[in-house]
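Secondary and tertiary structure notes
Given next are the chains, with one letter for each unit.
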Amino acid sequence: MRTDGSRAAADSDGPIITLRATVKDIAFGSLAGIVSEVIEYPTDVAKVRLQAQLLTPPVDESQRFKGPIDCLRQTFRREGLRGLYRGLPAPVIGSMVETGALFLSYSYFQILIRAYAFESSTQGPQLTIPQLGLAAAGAGFATSFILTPIELVKCKMQVQLMNTTTIARVPPIHARSKPVAALISSPPVDSHHILGSAATANPRPPGLTAVVRSTIAAHGVKGLWLGHTGTILRETGGTASWFAVKEWVASTLLDRRLGPSRTAASQNALLPWESAVAGAVSGAACVLALYPADTVKSAMQTEEELLSHRPYRVAAKTTPPSFHRTFAKMYAVHGIRGLYTGCGITVLRAVPSSGIVFVVYDGLSAWVG
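Residues numbered from 1 in each chain as written. Predicted model: local features only at pLDDT ≥ 70, side-chain atom pairs only at ≥ 80, totals over all residues. Heavy atoms only, no water.

Per an unreviewed UniProt entry, the chain goes by Mitochondrial carrier domain-containing protein and derives from Mycena pura. Here the chain is described in UniProt, under the heading Sequence similarities (unreviewed entry), as follows: "Belongs to the mitochondrial carrier (TC 2.A.29) family." Its UniProt record, at the heading Subcellular location (unreviewed entry), says of the chain: "Mitochondrion membrane". (UniProt positions renumbered as here; feature names shortened; annotations may be inferred.)

Quick word on the overall build of the chain
Across its full length, the chain carries 13 helices and two strands. The contacts in the chain between residues at least 6 apart in sequence include a share of 82% that link residues at least 24 apart. Per element, the accessible surface of the chain, about 16900 Å² overall, is 67% carbon and sulfur. (Helix = DSSP H or I, 4+ residues; strand = E, 2+ residues; numbered from the N terminus. Contact = heavy atoms within 4.5 Å. Areas by Shrake-Rupley, 256 points an atom, 1.4 Å probe, with all protein chains shown as cover.)

A closer look at the confidence of the model for the chain
Summarising the model, the chain shows a mean pLDDT of 77, and 74% of its residues fall at 70 or more. Every residue in residues 165-202 scores below 50 in pLDDT, and together they form 47 contacts with partners more than four places removed in sequence or on other chains. Note that pLDDT drops below 50 for residues 311-316; the model gives that stretch 14 contacts with residues more than four away or on any other chain. (pLDDT = per-residue confidence, 0-100.)

Overview of helix 12 (residues 323-339)
Each α-helix turn comprises 3.6 residues. Residues three or four places apart therefore point the same way. The terminal C-alpha atoms of helix 12 lie 13 Å apart, and with 17 residues this falls more than 12% below the ideal 24 Å at 1.5 Å per residue. Val333 marks the point of greatest bend in helix 12, at about 95°. Within helix 12, burial applies to Phe323, Thr326, Met330, Gly335, Gly338 and Leu339. With a side-chain oxygen positioned 3.3 Å from the backbone nitrogen of Arg325, the residue opening helix 12 is Ser322. (Expected span 1.5 Å × (residues − 1). Bend = angle between axes of the 7 residues up to and from the residue. Buried < 20%, exposed > 50% of the residue type's maximum accessible area, 1.4 Å probe, protein only. Polar contact = N/O pair within 3.5 Å; in protein donor to acceptor, adjacent residues only side chain to side chain.)

Thoughts on the UniProt feature "transmembrane region" (unreviewed entry) in the chain
The UniProt record marks residues 87-109 and 129-153 with the feature "transmembrane region" (unreviewed entry), using the residue numbering of this structure. Each end of residues 129-153 is marked by a C-alpha atom, and these two atoms are 35 Å apart; helix forms 100% of the span and strand 0%.

Description of helix 9 (residues 228-258)
Look at helix 9: 43 Å from first C-alpha to last across 31 residues, which is about the 45 Å you get at 1.5 Å a residue. Count one or two residues on from helix 9 and you reach Gly259, which has phi positive near 95°.

Looking at the packing of helix 4 (residues 129-158) against helix 9
When two helices pack together, their arrangement is given by the angle between their axes and by how far apart the axes lie. At a minimum axis separation of 6 Å, helix 4 and helix 9 run at an interaxial angle of 140°. One element, helix 4, and the other, helix 9, form an angle in the oblique class. As for how helix 4 packs across helix 9, the hand of that crossing is right-handed. Touching Ile129, Leu132, Gly133, Ala136, Ala137, Gly140, Phe141, Ser144, Phe145, Leu147, Thr148 and Glu151 of helix 4 are His228, Thr231, Ile232, Arg234, Glu235, Thr236, Thr239, Ala240, Phe243, Ala244, Glu247 and Trp248, all from helix 9. Looking at the contact of helix 4 with helix 9, its residues break down into twelve nonpolar, eight polar and four charged. (Axes fitted to C-alpha atoms, helices over the stretch in contact; angles between N-to-C directions. Parallel < 35°, antiparallel > 145°, perpendicular 65-115°, else oblique. Left-handed = near helix turned anticlockwise from the far one by under 90°. Nonpolar A, V, L, I, M, F, W, Y, C, P; charged D, E, K, R; others polar.)

Considerations on the environment of Leu306
Structurally, Leu306 can be placed in helix 11 (residues 291-307). A sequence separation of 144 residues divides Leu306 from Met162, and the C-alpha atoms of the two residues are 7.6 Å apart.

Focus: the packing of aromatic side chains
This model, assessed by the stated rule, comprises eleven aromatic pairs. Measuring from ring centre to ring centre gives 4.0 Å for Phe103 and Tyr361, while their planes differ by 10°; the resulting arrangement is stacked. With Phe103 in helix 3 (residues 89-118) and Tyr361 in helix 13 (residues 343-368), this residue pair connects regions lying 258 residues apart in the sequence. There is no split in this pair, since Phe103 and Tyr361 are both buried. (Phe/Tyr/Trp six-rings, centres within 6.5 Å; stacked < 30°, edge-to-face > 60°.)

Looking at the packing of helix 10 (residues 272-289) against helix 13
The geometry of helix 10 relative to helix 13 is characterised by a closest axis approach of 7 Å and an angle of 140° between their N-to-C directions. By the criterion of interaxial angle, the relationship of helix 10 to helix 13 is oblique. The interaxial crossing formed by helix 10 with helix 13 has right-handed handedness. Where helix 10 abuts helix 13, its residues Pro272, Ser275, Ala276, Gly279, Ala280, Ser282, Gly283, Ala284, Val287 and Leu288 lie against Cys343, Thr346, Val347, Ala350, Val351, Ser354, Gly355, Phe358, Val359 and Asp362. For the contact of helix 10 with helix 13, a count of residues per class yields twelve nonpolar, seven polar and one charged.

Details of the side chain of Glu151
Assignment of secondary structure puts Glu151 in helix 4. Not counting the four nearest positions on each side in its chain, Glu151 is found in contact with Arg234, Asp294, Lys297 and Gln301.

Points about the nonpolar core
One broad rule of soluble globular proteins: the nonpolar side chains tend to lie buried together. Leu102, Phe103, Tyr106, Trp242, Phe243, Val357 and Phe358 are the most contacted members of the largest nonpolar core, which totals 18 residues. Those elements that provide at least two residues to this core are helix 1 (19-55), helix 3, helix 4, helix 9 and helix 13. The residues contacting Trp242, other than those within four sequence positions of it, are Leu102, Phe103, Gly279, Ser282, Gly283, Cys286, Ser354, Val357 and Phe358. If you look at the next biggest cluster of nonpolar residues, it comprises 13 residues, including Ala46, Leu50, Leu72 and Leu306. (Core = buried A, V, L, I, M, F, W, Y, C linked by side-chain atoms within 4.5 Å.)

Side note on the pattern of salt bridges
Under the definition given, this model contains 13 salt bridges. With its nearest N and O atoms 2.9 Å apart, the salt bridge here joins Lys154 to Asp44. Of the two residues, Lys154 is situated in helix 4 and Asp44 in helix 1; the sequence distance between them amounts to 110 residues. Classification of Lys154 by relative accessible area gives buried; the value is 6%. Residue class for Asp44 comes out buried when judged on its relative accessible area of 3%. One salt bridge connects Arg234 with Glu235, and the closest N-O pair in it is separated by 2.8 Å. Across the pair, exposure class does not vary: Arg234 and Glu235 are buried alike. Through salt bridges with shared partners, a single network forms among Asp44, Lys47, Glu151, Lys154, Arg234, Glu235, Asp294, Lys297 and Arg349. (Salt bridge = Lys/Arg side-chain N within 4 Å of Asp/Glu carboxyl O.)

This is the structure we're talking about:
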């Protein structure tokens, strides 16, 4: 799948994308994103929860996840199938927007590079793998601004029940019979005793709208972009790896089947299994490219949510943590191994997920023509 010159036009105003190509990229990319998101979501929940407990470990050590399989097992036992899909609406909607925008941006950046390198968006040699990687990096950078708020909400919802299975929220200040200072200084005891009937009820965690509203109330609209540095790093480098590796593997498979003298039009002649293999390999490369940036981002986005569930803690406006300070803190405590927490299951998730994305996208592209 190479979305470049054959779908663009150039005029005196510069390179543009045709309406048909725009609709095609958005529609096909959105559909591919939805299919992969639904299939891979439980493993994403495990990944985020493993990353979150690095910075904010559970109050009850018996709730600590020992690995991805243990996380999936505990989540299913305590929260059921619904827990494995908690927060799904946000990433499904986000995946539609993200994947559609990603493919559209990728096409447009290819046009820009072609216009600059060959002074034409429709003629000239095919773009090289490095040029395609540059176009993909630009697409990832642009899409990161859409993706960060979506992932913030998703990550917050995914960890909401981590520390509330046996420990309930602290009631509002006006509902307490003791001063806040007394509660904080008191020795830890069973929250059911100290908080009375208010603690026996495990309140329903806030939904998508409530999470967005509370985040804006605490930090303003800019609070929705907490962890954006990590998203930029991950998406810019990861997307460059994703598309460049996919194009390279796909070209290699086509050369093997059709010979190196094949025409440019044959790039759209990928068989389903070739799209799947190329997508699977590129999915693993995308994850491995800048995984620590994703770990730091997830920890930053979930720390406040987890802390708000701890007993005796009063929620207050705080200055959002910076990316480099969070990175330094996590590295000092957990080392490089900690920064790759959940990487294994993420790679295993990305392999079939990325394969599905490109099978759907390439298949629809070849079918429509």
